Amino acid sequence: MHVEDLRSFVVLAETEHLTEAAATLGTSQPNLSRSLRRVEDAFGVALFEREHRGLRLNPYGRIVLEAARTSISAVDNVQHRIDAVLDPESGTVRLAFLHSVAPSLLPDLLKAFRAVGPSVEFALRQGSSQDIAQDLESGEAEIGITAPRPDPERFGWHLLEQQRLALHVPPNHPLATRRRVELAAAANEPFIGLQPGFGFQRITDELCRAAGFTPRLAFEASDLTTIDSLVGAGLGVAVLPSSAVRGSESGAVAVPLAGVQSRREIGMIWRLRGQLTPAAERFRTFVRSWPVTSS
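Computed from a predicted structure; not experimentally measured. Sequence positions are assigned chain by chain, starting from 1 and proceeding in written order. With the structure being a predicted model, the display of local features is reserved for residues of pLDDT at least 70 and the display and counting of side-chain atom pairs for 80 or more, all residues being used for whole-chain, interface and lining totals. For the side-chain quantities, the full set of heavy atoms in the structure was used; hydrogens and water were omitted.

**What to know about empty space enclosed by the protein**
If you roll a probe as big as a water molecule over the atoms, it shows you where there is empty space left. Rules: Two kinds of site are reported from a 1 Å grid over the protein atoms alone, namely cavities, where a 1.4 Å probe fits but cannot get out, and pockets, open sets with protein on both sides within 12 Å along at least five of seven lines, and residues are called lining when an atom falls within 4 Å of a point. Grid points are joined across faces, edges and corners, and a volume is the space filled by probe spheres set on the points. Under the convention adopted here, Pro, Cys and the residues Ala, Val, Leu, Ile, Met, Phe, Trp and Tyr are nonpolar, Asp, Glu, Lys and Arg are charged, and Gly plus all remaining residues are polar.
Tallying each qualifying case throughout the model produces 3 cavities of 30 Å³ or more. In this model, the largest cavity occupies a volume close to 90 Å³. What lines the largest cavity is a set of 13 residues, among which Leu98, Ser100, Leu194, Phe198 and Arg264 lie closest to the centre. Taken together, the residues of the lining of the largest cavity sort by class into 6 nonpolar, 5 polar and 2 charged. Around the second largest cavity, the lining residues are Ser100, Val101, Ser104, Leu105, Glu161, Gln163 and Ile266. Taken together, the residues that form the lining of the second largest cavity break down as 3 nonpolar, 3 polar and 1 charged.

**A closer look at the side chain of Glu142**
Short version of the rule: Each helix is a run of H or I in the DSSP string that is no shorter than four residues. Each strand is a run of E no shorter than two, and both are numbered from the N terminus. We call two residues contacting when some pair of their heavy atoms lies within 4.5 Å.
Considering the arrangement of structural elements, one finds Glu142 in the loop between α6 (129–138) and β5 (143–146). Once residues lying within four places of it in the same chain are set aside, the contact partners of Glu142 are Thr92, Val93, Arg94, Leu136, Ile269, Trp270, Arg271, Gln275, Leu276, Thr277 and Ala280.

**Topic: the packing of aromatic side chains**
Quick note on the threshold: Only Phe, Tyr and Trp rings take part, Trp by its six-membered ring, and two of them pair if their centres are within 6.5 Å. Stacked means planes under 30 degrees apart, edge-to-face means over 60, and tilted covers everything else. Definition used: whenever NZ (Lys) or CZ (Arg) falls within 6 Å of the ring centre and also within 35 degrees of the ring normal, the charge is taken to sit over that ring.
The full count for this structure, using the stated rule, is 7 aromatic pairs. With centroids separated by 5.2 Å and ring planes inclined at 75°, the aromatic side chains of Phe122 and Phe283 adopt a geometry described as edge-to-face. Placement of Phe122 in strand β4 (residues 121–126) and of Phe283 in helix α9 (residues 278–288) is noted, with a sequence separation of 161 residues between them. Three or more aromatic residues link up through ring pairs in this structure, and these residues are Phe113, Phe122, Phe283, Phe286 and Trp290. Over the face of the ring belonging to Trp270 we find Arg284, whose NZ or CZ atom lies 4.8 Å from the ring centre.

**Concerning helix α8 (residues 224–232)**
Each turn of an α-helix holds 3.6 residues, which means side chains three or four residues apart point in the same direction. The following threshold applies: Each residue is placed in one exposure class: buried if its accessible area under a 1.4 Å probe, protein chains only, is under 20% of its type's maximum, exposed if it is over 50%, and partly exposed if it falls in between. Side-chain atoms alone can form a polar contact between residues adjacent in sequence; in general such a contact is a pair of N or O atoms within 3.5 Å, and within protein one must be able to donate a hydrogen while the other accepts it.
Buried within α8 are the following residues: Leu224, Ile227, Asp228, Leu230, Val231 and Gly232. Where α8 is buried, its residues contact β6 (155–169), β7 (190–194), α7 (199–210), β8 (216–221), β9 (238–241) and β11 (263–271). With a side-chain oxygen positioned 3.2 Å from the backbone nitrogen of Thr225, the residue opening α8 is Asp223. In the stretch just after α8, Gly234 is the one whose phi turns positive, near 90°.

**Looking at the pairing of β8**
Applicable threshold: Paired strands are those between which DSSP finds at least two bridges. Whether a crossover is right-handed depends on one test, that the path from the first strand over the helix to the second runs clockwise when the strands point away from the viewer.
Bridge analysis of β7 against β8 gives 5 bridges, and the strand direction is parallel. Each bridged residue has a counterpart across the sheet, and for Gly193 the counterpart in β8 is Glu220. Handedness of the crossover joining β7 and β8 through α7: right-handed.

**A closer look at α7**
This is how it is decided: Helices are assigned an expected span. That span is 1.5 Å times one less than the residue count.
For α7, built from 12 residues, the straight-helix expectation of 16 Å at 1.5 Å per residue is met to within 8% by its first-to-last C-alpha distance of 17 Å. Residues of α7 that are buried include every one of Gly199, Phe200, Gln201, Ile203, Thr204, Leu207 and Cys208, and no others. Backbone geometry just after α7 places Gly212 at a positive phi near 95°.

In short, shape yes, function no, at least from these values alone.
And the structure:
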């Protein structure tokens, strides 16, 4: 028994006439009879009383009719939802992104895409780089905006932005007046860092290790804006990309790092072993045309 058999049964139940139902369905009477037989065989009972003027739905048939209408409605709803997902003009893009791209990069991307895809919707998820990778693996997200670049064996990557790094210090800090500063000069300072799982914290740890020390963390935050605010309040220092906290009123001073070539790279990622929905593929193609910026 197939869904189309149930559709045929509903029409036959409503007309209670084989010839009329066959004409309505655009099929032959033998085909309609075989379809009805499959439905009756599936439930193990006859669903109509045969009369000389036609058919009459029996009590079993009325039960099946109610269930058939509900089932057909559910199937049609699922098909409608699938068609919507498959439509590149009106589907939904499941997008995961870092907290730090929310103030600038992400809104700019979405605003620009809206101009060419106004009917496409977005299901947004915010988290750490580790969360984003897990969301892509589980299928909760199709595309991510993250940093640094994840495992190239698992994820595709398109660079979007390169951010210069600076040592952020409290106002009136002895290092605040420097034009540039060696990171080693902050070796004895308390650091404000990110919680485990955030990719940018690995960059900070690697820079400090290269400078010959392990940072002493005074506090672990979940986003760069909070770190900047805590630095401005005098709780410690931090390595941050200056553009990530552009326009901040915390009072923290960003001192460029001397002798450091590292940049924070923000990019778009997607799972290599998977197929994007048409809407997500359309968004990925659009983002690939986005110019790489440096800040």
